[in-house]
Amino acid sequence: MIQVLANPNRFLKIAHAILPFAWAATALCFAVGLYGAIFASPADYQQGETVRIMYVHVPAAWMGLFVYVLMAIASAVALIFRHPLADVAAKAAAPLGAAYCFLALATGSIWGKPMWGTWWVWDARLTSMFVLMLLYLGYIAIWRSFDDPHRAASLARVVALVGVINIPIVKFSVDWWNTLHQPASVVKMSGPAIDPSMLWPLLTMAVAYTLLFLCLHLTAMENEIMDRKLRNSRLKSIEAR
Amino acid sequence: MDWTSPHLGFVSAAYGVSLITLAAIAFAVFLRRASLKRHLQKFESKQGD
């Protein structure tokens, strides 16, 4: 499969076939997920209506972690197999991951004010998530700092691979340290500790966020392929003069 | 949903920030796509001349 996608034209053909269905599924999941989050799910007995922030906060945090892992895998594939689209995939994913990470921090902060009485605390979960945001920004900055894309790619791969160490720190920070942030209640060994009436909108929103990422990532990868094609064509025309 | 909740402002803010951020990133991706397509077409038509 990886080899099949190595050809950019073949990849674009597959992406164009997938995208209309993916956009339709995204819209449907957002419609159902938002209905569940705002209207169908009950208020929490302790948090009241603020629990509804969870439906946009938790999927954003999951996506922030997932996209970084995806970037690290793509960087490893680029480093080991020299796959022509692996760097493209990692580079295109970074701004999307940064947006999700920002959303997790911003919506978490908005939830924190009425529930904790503060917008921000430097506890292990929030700090490690903030470090993840900095890693995303650093990764994006590296691609923008070099004129030579090969040099940028080499350094960006290292940052993505070294930075992935932060992912288990984010995930297990609530278990390893005493944090104000609550421990995991969905992704845990003993199964979700959340009522089904709240779980289904949460999972539907998570699917919607994932599908949105798929749509935007494929489009951003197409942009990157076009950008490289344009750059190569310009270089060839300059050399031909 | 209790529309009289004192925390409605926080909930609205969280959904608003989410909507604006996701819409902005999608807009940026499609804006770049349109710009690249235009540049590519311009370059190809120049090469054709």
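What you are looking at is a predicted structure, and each value in this text was computed from that prediction instead of being measured. (Residues numbered from 1 in each chain as written. Chains lettered and ligands numbered in written order. Predicted model: local features only at pLDDT ≥ 70, side-chain atom pairs only at ≥ 80, totals over all residues. Heavy atoms only, no water.)

A.B. asks: Sorry if this is basic, but what is going on with the overall build of chain A here?
C.D. replies: Within chain A one finds seven helices and zero strands. Taken across its 241 residues, chain A has 50% of its residues classed as buried. Across chain A, contacts joining residues at least 24 apart in sequence account for 76% of those joining residues at least 6 apart. Just so you have it, chain A exposes about 11,900 Å², and 69% of that area is on carbon and sulfur atoms. Side-chain charges of chain A comprise 18 positive and 12 negative groups, with the mean position of each set lying 8 Å from the other. (Helix = DSSP H or I, 4+ residues; strand = E, 2+ residues; numbered from the N terminus. Buried < 20%, exposed > 50% of the residue type's maximum accessible area, 1.4 Å probe, protein only. Contact = heavy atoms within 4.5 Å. Areas by Shrake-Rupley, 256 points an atom, 1.4 Å probe, with all protein chains shown as cover. Lys, Arg positive; Asp, Glu negative; His and termini not counted. Charge placed at Lys NZ, Arg CZ, Asp CG, Glu CD.)

A.B. asks: How should the overall build of chain B be read in this particular structure?
C.D. replies: Secondary structure summary: chain B contains one helix and zero strands in total. Considering only C-alpha atoms, chain B reaches an extent of 65 × 10 × 10 Å along its principal axes. Total accessible area on chain B is roughly 3,300 Å²; 65% of this is exposed by carbon and sulfur atoms.

A.B. asks: Would you take a moment to explain the environment of Tyr68(A) for this structure?
C.D. replies: Residues and elements named next belong to chain A. Note that Tyr68 resides in helix α2 (residues 54-81). The residues touching Tyr68, leaving out its near neighbours within four places in the chain, are Leu132, Leu135, Tyr136, Val159, Ala160, Gly163, Val164 and Ile167. Engagement of the side chain of Tyr68 in a polar contact is seen with the backbone oxygen of Ala160, the distance being 3.4 Å. (Polar contact = N/O pair within 3.5 Å; in protein donor to acceptor, adjacent residues only side chain to side chain.)

A.B. asks: Whenever I open this one, the pattern of salt bridges confuses me. Can you help?
C.D. replies: For side chains bearing opposite charge, pairing can occur when the charged atoms are close. Scanning the model with the defined rule gives seven salt bridges over all chains in all. Between Arg157(A) and Asp87(A) there is a salt bridge, with the nearest N and O atoms lying 2.6 Å from each other. One end of the pair, Arg157(A), is in helix α5 (residues 149-163); the other, Asp87(A), is in helix α3 (residues 86-116), and 70 residues separate them in sequence. Pair check on accessibility: Arg157(A) and Asp87(A) agree, each one buried. Arg33(B) is paired through a salt bridge with Glu222(A); the nearest N and O atoms lie 2.8 Å apart. A residue pair is termed interchain when its members come from two chains, as with Arg33(B) in helix α1 (residues 8-48) and Glu222(A) in helix α7 (residues 196-240). What emerges from the salt-bridge pattern is a single network uniting Lys91(A), Glu224(A) and Arg228(A). (Salt bridge = Lys/Arg side-chain N within 4 Å of Asp/Glu carboxyl O.)

A.B. asks: In this structure, what is going on with the packing of aromatic side chains? I would like to understand it.
C.D. replies: Remark: the centre distance and the inter-plane angle together describe each pair of aromatic rings, the angle taken between the planes. For the coordinates displayed, the defined rule picks out 14 aromatic pairs over all chains. Judged by centre distance (6.0 Å) and plane angle (45°), the ring pair of Trp23(A) and Phe30(B) falls under tilted. Taken as a pair, Trp23(A) in helix α1 (residues 8-40) and Phe30(B) in helix α1 lie in two separate chains rather than in one. For the pair Trp120(A) and Phe130(A), a centre-to-centre distance of 6.2 Å together with 70° between the ring planes defines the contact as edge-to-face. Placement of the pair is Trp120(A) in the loop between α3 and α4 (124-145) and Phe130(A) in helix α4, with a sequence separation of 10 residues. With relative accessibility at 26%, the residue Trp120(A) sits in the partly exposed group. Of the aromatic side chains, those joined through ring pairs into one cluster are Phe30(A), Tyr100(A) and Tyr209(A). Taking the ring centre of Phe172(A) as reference, the NZ or CZ of Lys171(A) above it sits at 5.7 Å. (Phe/Tyr/Trp six-rings, centres within 6.5 Å; stacked < 30°, edge-to-face > 60°. Lys NZ or Arg CZ within 6 Å of the ring centre and 35° of its normal.)

A.B. asks: Sorry if this is basic, but what is going on with the nonpolar core here?
C.D. replies: Here is a general trend for soluble globular proteins: nonpolar side chains tend to be buried in one another's company. Counting residues in hydrophobic clusters, the biggest one holds 77 residues, and the most contacted among them are Met129(A) and Tyr209(A). Counting only elements with at least two residues in this core, the list comes to α1, α2, α3, α4, α5, α6 (166-176) and α7 of chain A together with α1 of chain B. If near-sequence neighbours (up to four positions away) are discounted, Tyr209(A) is found in contact with Phe30(A), Val56(A), Pro59(A), Ala60(A), Met63(A), Tyr100(A), Ser18(B) and Leu22(B). Grouped together as the second largest cluster of nonpolar side chains are five residues, Met226(A), Leu36(B), Leu40(B) and Phe43(B) included. (Core = buried A, V, L, I, M, F, W, Y, C linked by side-chain atoms within 4.5 Å.)

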